[in-house]
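Each chain, written out:
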Amino acid sequence: MMHALVEIAYLAAIVLFILALYWMNDPKSARRSVSAGVAAMALAMAATWSRPEVVHHLWIIIALVGGVVVGVPLSRVALTAVPQRTALSHAFGGLAAGLVGTAKYYMWFGEDPAELTGFRMTAIVVETLLGFLTLTGSLMAAGKLHGVSWIPQRPVIYPMQNATNLGLLLLALAIGVFLIVNPTGSAVAFPMLIALSLAFGVLLIIPIGGADMPTVISILNAYAGLSAVAMGFVLDSRLLVVAGALDGASGLILSIIMCRAMNRSFTNVLFGGFGQVQAPTAAGAEDRHYKEETIEGAAQSLEMARLVIIVPGYGMAVAHAQHRVAELYDQLTKRGTTVKFVIHPVAGRMPGHMNVLLAEAEIPYDDIVEMDDMNPDMAQVDVALIIGANDVVNPAAKEQKGCPIYGMPIIEAHRAKTVFAIKRGKSTGFAGIENDLYFRDETFMLFGDAKDVVGELTKQLSVDAAAAA
Amino acid sequence: MVRRTVSLWGAAAAACLAGVASAAETVSSAEATAQNWSSLSVLVLATFVGLGVIGRVSRLLHTPLMSLTNAISAISVVGSILIAGSDYPPPIRILGAIALFASMTNIVSGFLITERMIRMFKERGEAKK
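All of these numbers come straight from a predicted model, not from anything done at the bench.

Rules of the game
Residues numbered from 1 in each chain as written. Chains lettered and ligands numbered in written order. Predicted model: local features only at pLDDT ≥ 70, side-chain atom pairs only at ≥ 80, totals over all residues. Helix = DSSP H or I, 4+ residues; strand = E, 2+ residues; numbered from the N terminus. Buried ≥ 20, exposed ≤ 12 C-beta atoms within 10 Å, placed from the backbone. Contact = placed C-beta atoms within 7 Å. Domains from an automatic or database assignment. Nonpolar A, V, L, I, M, F, W, Y, C, P; charged D, E, K, R; others polar. Core = buried A, V, L, I, M, F, W, Y, C linked by C-beta atoms within 7 Å. Axes fitted to C-alpha atoms, helices over the stretch in contact; angles between N-to-C directions. Left-handed = near helix turned anticlockwise from the far one by under 90°. Expected span 1.5 Å × (residues − 1). pLDDT = per-residue confidence, 0-100. Pairing = 2+ DSSP bridges.

Q: Now, about the overall build of chain B: what can you tell me, with residues and values included?
A: The secondary structure content of chain B amounts to five helices and zero strands. In chain B, the succession of α and β elements from N to C terminus is α-α-α-α-α. Out of the 129 residues belonging to chain B, those deemed buried represent 55%. In chain B, once contacts between residues fewer than 6 apart in sequence are set aside, the share between residues at least 24 apart is 64%.

Here is the structure:
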């Protein structure tokens, strides 16, 4: 009877998890998603706790309380810090999977080695390998995203890097195969598998730079899901298999979207060392120079415009400029100007990063459009305002064969009648290439901190409005 | 177009995983159980359901999607509770308790931050209080 109840609870949890994800197809129904997820999780936990084999309760309570104590502050971080929080939670997920795999291995190893069948051992090896490499890989990614000082931001490249990584992975796999064939054959094999997985996670992320983070976070998300699937096989739990597969599918889809948006493949992101690519100097580069515009001039153009697009990028997040941008948006829409935000899929440091920041600043999502929907109408845009975006608006991606980002889909802001680009300094973007857009006839630069520049633009607009009234 | 490629990739990934597992199954044919096979078919089906459902998620919501799936994959609590609470030797139960702590952290922070983010998305007219 008890057993049947537990199984029914697990089945209900599976249904609720799928519904939670299904409701994410629209921001309105998404408000139900979290409740469904919480209900599913509560059911699954209560059912598991009530199982007869659970006889010790103290440690469970301590661990749960600890989780709440750490989890609540982690959910209150600033939205600009969401990418590193996400990476950190992938690390926790990996840790949990790795530890459960390890615990199960030693439990069977000590009590009943015959239980370590080939099937279970395969699952344990996959779970441990993925779990621990996700742990260190995600910690590295979180450190890079958070700007921890002793983790280099720029990609770290050394000779024979890919050969070392591949060798390490092959060694780990060889040990895995050894363990599958001969689970109790060696006392050092399993600790070695753990150590290699941990090391591989670090080495995999070290050569990857900031703008590749959306892809990397998505891939780590998929790994965390796959390790949960493997745990499902180890524990013979369908619920774990399903939930893990949902997470894995989500990570996979996001990775593919990110890769496509950069016109690159998985292998290229993971083994490419993108930041080191040197752009061939374009002919006549020496005599190219920026045209600067004053705040007053830019404000005037904005006042005359009927259709304005704003292209936000990571620079907007760094400067925490989203609220100032919203004020500018209000000021312009009040005048009857149509304002659209155009978002590149890889803008920011994780999938959907810009959307969340704009939502935080209370910009209605009706005015957020995707790159592919805006590009065909670009010629009608009077002013394109680029705020802290760089490579995603670089026309070289369309026009210069041989340029490192050639073929990457871009927001074609260069086809707008006038372009204003807000930029902190004269440095190049993540890809290390000059942005052709800045040197075009229709482009004017506004140098300065995104928050300050947007704030001044808004002030100028309201001064002009008062003068006209 | 994107959806089709995604499904192909996902199918390939699930098939690979299932293939590896069933190879291991064949090796250890003696204890090959029907349960293992049914788990594998559950994996393949769940992957397709996942790809279908998540392919339809609004692009606006990709960040909350990631924090939500994060919380969902913390379903590993189920395993952690069993290990921390069963009558196993203490060192093993400690590993389970640490895993439980990590999963619980993800559940709490994952659901709370997803809720916080989703509430921010507003339509025109809804936005200004």
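Structure's up, so let's keep going.
Q: Outline the domain arrangement of chain A, listing residues and values.
A: All names here are of chain A. For chain A, the domain assignment lists domain 1 (1-73), domain 2 (82-274) and domain 3 (289-468). Computed from C-alpha coordinates alone, the two centres of domain 1 and domain 2 are separated by 24 Å. Contacts between the two partners involve six residues from domain 1 and, on the opposite side, four residues from domain 2. Counted by class, the side of domain 1 that touches domain 2 contains six nonpolar, no polar and no charged residues.

Q: Explain the interface of chain B and chain A residue by residue, including any values.
A: Counting from both sides, the interface comprises 92 residues of chain B and, opposite them, 102 residues of chain A. For the side of chain B that touches chain A, the elements supplying multiple residues, two or more each, are α1 (2-27), α2 (34-55), α3 (62-73), α4 (77-85) and α5 (90-120) of chain B. No other element matches α5 of chain B, which puts 27 residues into the side of chain B that touches chain A. Of the residues that constitute the side of chain B that touches chain A, the class distribution is 53 nonpolar, 28 polar and eleven charged.

Q: Give a description of the nonpolar core that names residues and reports values.
A: Ranked by size, the top nonpolar core spans 204 residues in total, and within it Phe17, Ala44, Val311, Ile386 and Ile387 of chain A together with Leu100 of chain B carry the most contacts. What Ala44 of chain A contacts, discounting residues up to four positions off in sequence, is Ala9, Tyr10, Ala13 and Leu239 of chain A together with Ile75 and Val78 of chain B.

Q: Hey, could you go over the packing of helix α11 (residues 295-304) of chain A against helix α17 (residues 450-468) of chain A for me, with residue numbers and the actual values?
A: Think of two packed helices as two axes; the pair is described by the angle between the axes and how far apart they sit. Residue and element names in this part refer to chain A. One way to put it is that α11 packs onto α17 with a least axis distance of 9 Å and a crossing angle of 65°. Regarding α11 and α17, the two cross each other, and that crossing is right-handed. Here α11 contributes Ile295, Glu296, Ala298, Ala299, Leu302 and Glu303 to the contact with α17, which in turn contributes Glu456, Leu457, Gln460, Leu461 and Asp464. Taken together, the residues of the contact of α11 with α17 break down into six nonpolar, one polar and four charged.

Q: Any details on α17 of chain A? Residues and values, ideally.
A: With 19 residues, α17 of chain A ought to run about 27 Å at 1.5 Å a step, and its terminal C-alpha atoms sit 27 Å apart, in line with that. Among the residues making up α17 of chain A, those that are buried are Ala450, Lys451, Val453, Val454, Leu457, Thr458, Gln460 and Leu461 of chain A.

Q: Give me α3 of chain B: which residues, what numbers.
A: All names here are of chain B. Along its twelve residues, α3 runs 16 Å from first to last C-alpha, staying within 8% of the 16 Å computed at 1.5 Å per residue. A large share of α3 lies buried, amounting to twelve of its twelve residues. Of the residues making up α3, those classed as buried are His62, Thr63, Pro64, Leu65, Met66, Ser67, Leu68, Thr69, Asn70, Ala71, Ile72 and Ser73.

Q: Account for the confidence of the model for chain A, naming residues and giving values.
A: Across chain A, pLDDT averages 89, with 95% of residues at or above 70. Counted against residues more than four places away or in other chains, residues 274-286 of chain A, with its pLDDT under 50, gives 20 contacts.

Q: Outline the sheet that holds strand β4 (residues 383-387) of chain A, listing residues and values.
A: All names here are of chain A. With respect to topology, six strands assemble into an open sheet ordered β3-β2-β1-β4-β5-β6, the strand pairing being parallel. Whereas interior strands pair on both sides, the edge strands pair on one side only; in this sheet they are β3 (368-370) and β6 (443-447). Averaged over neighbouring strand pairs, the angle between their axes works out to 25° when direction is ignored. One ladder, built from five bridges, connects β4 with strand β5 (residues 418-423); its direction is parallel. The residue bridging Ile387 from the neighbouring strand is Ile422, located in β5. Relative to the sheet, helix α14 (residues 353-360) contacts β1 (307-312), β2 (338-343) and β3, its axis offset from that of β2 by approximately 145°.

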